[in-house]
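Structural overview for review
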Amino acid sequence: MGLLDILKKLGILRYGSTKATYKNAKERPIELQESGVFNAKKDLINIKKKT
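Everything numeric in this text was worked out from a predicted model, so none of it was measured.

Thresholds, definitions, all that
Residues numbered from 1 in each chain as written. Predicted model: local features only at pLDDT ≥ 70, side-chain atom pairs only at ≥ 80, totals over all residues. Heavy atoms only, no water. Helix = DSSP H or I, 4+ residues; strand = E, 2+ residues; numbered from the N terminus. Buried < 20%, exposed > 50% of the residue type's maximum accessible area, 1.4 Å probe, protein only. Contact = heavy atoms within 4.5 Å. Areas by Shrake-Rupley, 256 points an atom, 1.4 Å probe, with all protein chains shown as cover.

Regarding the overall build of the protein chain
On a plain count of helices and strands, the protein chain comes out with three helices and zero strands. Secondary structure elements of the protein chain occur, N-terminal to C-terminal, as α-α-α. Looking at the protein chain residue by residue over its 51 residues, the buried ones come to 8%. Counting only contacts in the protein chain whose residues sit at least 6 apart along the sequence, the fraction spanning at least 24 positions is 11%. When the accessible surface of the protein chain is totalled, it reaches about 5000 Å², and 54% of it is carbon and sulfur.

Points about the environment of Leu7
Checked against the element boundaries, Leu7 lands in helix 1 (residues 3–10). Each residue touching Leu7, except ones within four places of it in the same chain, is listed here: Ile12 and Leu13.

What about the side chain of Glu31?
With respect to the helices and strands, the residue Glu31 is situated in helix 2 (residues 30–33). Residue contacts for Glu31: discarding those within four places in its chain leaves Thr18, Val37, Phe38, Asn39 and Ala40.

Details of helix 1
Within helix 1, only zero of the eight residues are buried, which leaves the element largely exposed. Among the residues trailing helix 1, Gly11 stands out with phi positive, at a value near 85 degrees.

Notes on the environment of Val37
Among the secondary structure elements, Val37 is positioned in the loop between helix 2 and helix 3 (40–43). With 22 residues separating them in the primary sequence, Val37 and Tyr15 have C-alpha atoms 9.1 Å apart. In contact with Val37, other than residues within four places in its own chain, are Arg14, Ile30, Glu31, Asp43 and Leu44.

Here it is in structure tokens:
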């Protein structure tokens, strides 16, 4: 595990971008709804997967 991985796990180093096309708010990614979320899979604890 490198230095960058440790900083990511601790929440010190955070970066990312999201590009999306959506028609309504239900399809909108969480990264575009919340200001502090850059990667929903890594930043959020209880994210529900769409089926």
